[in-house]
Amino acid sequence: MSTPRPDRPDPVTDPATRPLTPRSGWPPVPMADPAADRATATADAPPAPPAPGQSPPPGEAPVRRGRRLAVLTGRARAVVGRWPWWLQVGLVYALSRLVTAGVFLAVARQQGANPWGPAQPGYGPFINFWDSAWYQRIFDQGYPSAIPRNPDGSAQANPWAFYAVFPFLVRGLAAVTGLGWTTLASTVAVVAGLGAVLVIHRLFRLVAGPGDSLAAVALICLFPVSAVLQIPYAESLHLLLLAAGLYLLARHRYLAAAPVVVAMCLTRPAGLPFALLVAVHLLLRWRSGDFPWAERVRGLVLLAVATAGGWAWPVIAWLVTGEVRAYTDTETAWRGGGLVLFAPWFDTGRWLFGPVFGPVTVVTVGVVVAAALLSRPVRRLGTDLQGWCLCYALYLAAVLQPQTSTFRLLLPLFPLALAAVFVSRSRAYRITLGVAFFALQIVWVAWLWRFSELPGGGDYPP
């Protein structure tokens, strides 16, 4: 047996003659540097809390607060997201009413002497300003049997301009509970507002998902004039009945909608545009061919009920007072002239912008509104909700005297809140829109609800 010569390199063990065969770990990994690893770990680790009595480095505290807020917000959203839909809607409504109550309290501290009481009133007296006083007068005295008139024969402002369901509902509850107007009227308004947003959410769910529907309800709760949902006005009750009527119409439950529509027509003047919507709805179903005869008959019954309901209050005023024009004369007492369709808009345009630019401005606004109501986000609402917005907008254009109270009369256009949500799914966009709405709500309460006498007397109505 021969032994290798000591001066000959071994082909396996000697690095100089080892074959260049790649190993399984190729390419080679650089050797770890313990010092560099410690530095990287220190840089990536979250900053250690400062020692007791030691303040954090500049700029670090806001970052930490932002992280904690993001974590808490995420956890809260996860918890609320597991709640049933009605509880989520109720939470949004309750929080918005509390915030609006804070706005009322803050503005009330700035209120001076006014026709309804002393300066700096409390929350209860403050929300009983303006038309609340008219509703309370109906609650106490009912309606007059004759229209009060000026020496020239024109009607004076009187309770016939305010529909009966809200004040008489409060009167009935007062007879049962023994409570007074101040407590019951605002309670009925708040509860009716809660019912309204619950029904609106179910109505929106017919055409949208749960997230979009809840976001749209939040926008309605923050709408600049949504403060009326908690004051002794008929708006919240009317909103509840209107949403219920639209929901039943969209579900083709025509007979169930009939009594709801009658109550709605005797709460606020919106019966005629609703009757127009019912006519358009039936016509579209008729043309589609998917319209059984039994449903056609029930639909025609609803159309007749809505049409009669739209004229019910003027007829009631006529029967009680014996004057055919009792209601229309009363309504026009606030504008100082007769009722001429579409004319008040052009009169106001000429008063604001002159004889040339006034009509041009009115026509331009009309074109912009029509284009908005025919836009893609509004079309996504479906024919019933889009049709309601078109019918109600046409009604306002025909009979309304434009003034500062016009903002409040836009509340029945609530389906447009869902259209605004459809514009973008960006959370930043929706939050910005909600913040803008709430800021305008503060403006509405501080500018219009707070009474500030003008040089010639009176003030702009909310």
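Every residue gets a number counted from 1 within its own chain, in the order that chain's sequence is written. Whole-chain, interface and lining totals are the exception, using all residues; otherwise, since this is a predicted model, local features are given only for residues with pLDDT of at least 70 and side-chain atom pairs are given and counted only at 80 or more. Only heavy atoms go into the side-chain values, all of them from the structure, while hydrogens and water stay out.

Caption draft 1: Structural detail: the overall build of the chain. Each helix is a run of H or I in the DSSP string that is no shorter than four residues. Each strand is a run of E no shorter than two, and both are numbered from the N terminus. The secondary structure content of the chain amounts to 18 helices and 0 strands. Across the 462 residues in the chain, those meeting the buried criterion constitute 39%. In the chain, the share of contacts with a sequence separation of at least 24, taken over all contacts with a separation of at least 6, comes to 70%. Working definition of accessibility: Shrake-Rupley area with a 1.4 Å probe, residue cover restricted to the visible protein chains. When the accessible area of the chain is evaluated, it comes to approximately 25200 Å², of which 67% is carbon and sulfur surface. To sort residues, take the accessible area from a 1.4 Å probe on protein chains only and compare it with the maximum for the residue type: under 20% means buried, over 50% means exposed, and anything in between is partly exposed. Two residues qualify as a contact provided that any one of their heavy atoms is within 4.5 Å of a heavy atom in the partner residue.

Caption draft 2: Local environment of the packing of aromatic side chains. Note on aromatic pairs: the rings of Phe, Tyr and Trp (six-membered ring only in Trp) are paired at centre separations within 6.5 Å, and the planes decide the class, stacked below 30 degrees, edge-to-face beyond 60, tilted for the rest. Counted by the stated rule, this structure contains 31 aromatic pairs. A ring pair is formed by Trp116 and Trp130, whose centres lie 5.1 Å apart and whose planes are at 50 degrees; its orientation type is tilted. Within this pair, whereas Trp116 is found in the loop between helix H3 (85–108) and helix H4 (123–126), its partner Trp130 is found in the loop between H4 and helix H5 (131–141), the two being separated by 14 residues in sequence. Ring centres 6.0 Å apart and planes at 80 degrees place the aromatic pair Phe166 and Trp181 in the edge-to-face group. Remark: Trp181 occurs in helix H7 (residues 181–204) and Phe166 occurs in helix H6 (residues 165–177); sequence separation between them is 15 residues. Residue Phe166 is classed as buried on the basis of its relative accessible area of 1%.

Caption draft 3: Broad picture of H6. The length a helix should cover is 1.5 Å for every residue beyond the first. Helix length check: H6, at 13 residues, gives a terminal C-alpha distance of 18 Å against a target of 18 Å (1.5 Å per residue), a fit within 8%. Those residues of H6 that sit buried are Phe166, Pro167, Val170 and Ala174. An end-on view of H6 places all buried positions within 95 degrees of arc, on one side of the element. Turned more than 90 degrees away from the buried face of H6, the exposed residues are Ala175 and Val176. Turning to H6, the residues buried within the fold contact H5, H7 and helix H9 (235–250). Gly178 sits one or two residues past H6 and shows a positive phi near 80 degrees. It is the directions from the helix axis to the C-beta atoms whose arc is reported.

Caption draft 4: Here's a closer look at the pattern of salt bridges. Each salt bridge in this description consists of a side-chain nitrogen of Lys or Arg and a carboxyl oxygen of Asp or Glu lying within 4 Å of one another. Enumeration according to the criterion identifies 10 salt bridges in this entry. Here Asp212 makes a salt bridge to Arg430, at a shortest N to O gap of 3.0 Å. Here Arg430 lies in helix H18 (residues 427–449) and Asp212 lies in helix H8 (residues 210–222), a separation of 218 residues in the sequence. Overall, the relative accessible area of 18% leaves Arg430 in the buried class. A cluster of three or more residues bridged by salt bridges with shared partners is formed by Asp131, Glu235, Arg268 and Arg408.

Caption draft 5: Main features of the packing of H3 against H18. Orientation is described by axes fitted as lines to C-alpha atoms, over the contacting stretch for helices, and by angles from 0 to 180 degrees between their N-to-C directions. One can describe the packing of H3 onto H18 by two numbers: an axis separation of 10 Å at closest approach and a directional angle of 35 degrees. For H3 against H18, the interelement crossing comes out right-handed. For the pair H3 and H18, contact is made by Val99, Thr100, Val103, Phe104 and Val107 and by Phe438, Gln441, Ile442, Val445, Ala446 and Trp449, respectively. Polarity classes work like this: nonpolar for Ala, Val, Leu, Ile, Met, Phe, Trp, Tyr, Cys and Pro, charged for Asp, Glu, Lys and Arg, and polar for all others, with Gly in that last group. In terms of residue class, the contact of H3 with H18 is built from 9 nonpolar, 2 polar and no charged. By definition, any crossing whose near helix is turned counterclockwise from its far helix by less than a right angle is left-handed, and any crossing with a clockwise turn is right-handed.

Caption draft 6: Geometry of a nonpolar patch on the surface. Nonpolar side chains (Val, Leu, Ile, Met, Phe, Trp, Tyr) within 5 Å and like charges within 9 Å form the patches, drawn only from residues with over 30% relative accessible area and no salt bridge. A cluster of nonpolar side chains, namely Val79, Trp83, Trp85, Trp86, Leu87, Leu91, Leu95 and Leu98, defines an oily patch on the protein surface of about 730 Å² accessible area. Counting residues per element, the nonpolar patch draws most heavily on H3, at 6 residues. By secondary structure assignment, the location of Leu95 is in helix H3.

Caption draft 7: Structural context of the nonpolar core. In this description, a nonpolar core means a group of buried Ala, Val, Leu, Ile, Met, Phe, Trp, Tyr and Cys residues linked to one another through side-chain atoms lying within 4.5 Å. Counting residues in each nonpolar core, the largest one holds 106 residues, and the members touching the most others are Phe166, Leu246, Phe274, Phe414 and Trp449. Each residue touching Phe414, except ones within four places of it in the same chain, is listed here: Ile200, Leu203, Phe204, Ile220, Leu239, Leu242, Ala243 and Leu246.

Caption draft 8: Molecular detail of the packing of H7 against H9. H9 packs onto H7 with a crossing angle of 25 degrees between their chain directions and a minimal axis gap of 7 Å. With respect to each other, H7 and H9 are oriented roughly parallel. In the packing of H7 onto H9, the handedness of the crossing is left-handed. Seen from H7, the contacting residues are Ala189, Ala192, Gly193, Gly195, Ala196, Val199, Ile200, Arg202 and Leu203; seen from H9, they are Ser236, Leu237, Leu239, Leu240, Ala243, Ala244, Leu246 and Tyr247. For classification purposes, angles smaller than 35 degrees are called roughly parallel, those larger than 145 roughly antiparallel, those between 65 and 115 roughly perpendicular, and all remaining angles oblique.

Caption draft 9: How the structure looks around unusual backbone geometry. The phi torsion at Gln120 lies on the positive side, around 50 degrees, for a residue other than glycine. Looking at the element boundaries, Gln120 is found in the loop between H3 and H4. A relative accessible area of 57% means that Gln120 is categorised as exposed. Unusually for a residue other than glycine, Phe342 sits at a positive phi of about 70 degrees. Of note, Phe342 is situated in the loop between helix H13 (326–331) and helix H14 (343–373). Relative accessible area serves as the criterion here: at 36%, Phe342 is assigned to the partly exposed category.

Caption draft 10: Looking closely at the side chain of Asp131. Positionally, Asp131 belongs in helix H5. Judged by its relative accessible area of 18%, Asp131 falls in the buried class. Filtering out sequence-adjacent residues up to four positions away, Asp131 remains in contact with Phe162, Tyr233 and Arg408.

Caption draft 11: Geometry of helix H10 (residues 254–265). The end-to-end C-alpha distance of H10 is 16 Å, a good match for the 16 Å that 12 residues give at a rise of 1.5 Å each. Of the positions making up H10, those classed as buried are Tyr254, Ala257, Ala258, Val260, Val261, Met264 and Cys265. Residues of H10 that are buried in the fold lie against H9, helix H11 (271–288) and helix H12 (293–321).

Take it as geometry only, folks, not as evidence of what the structure does.
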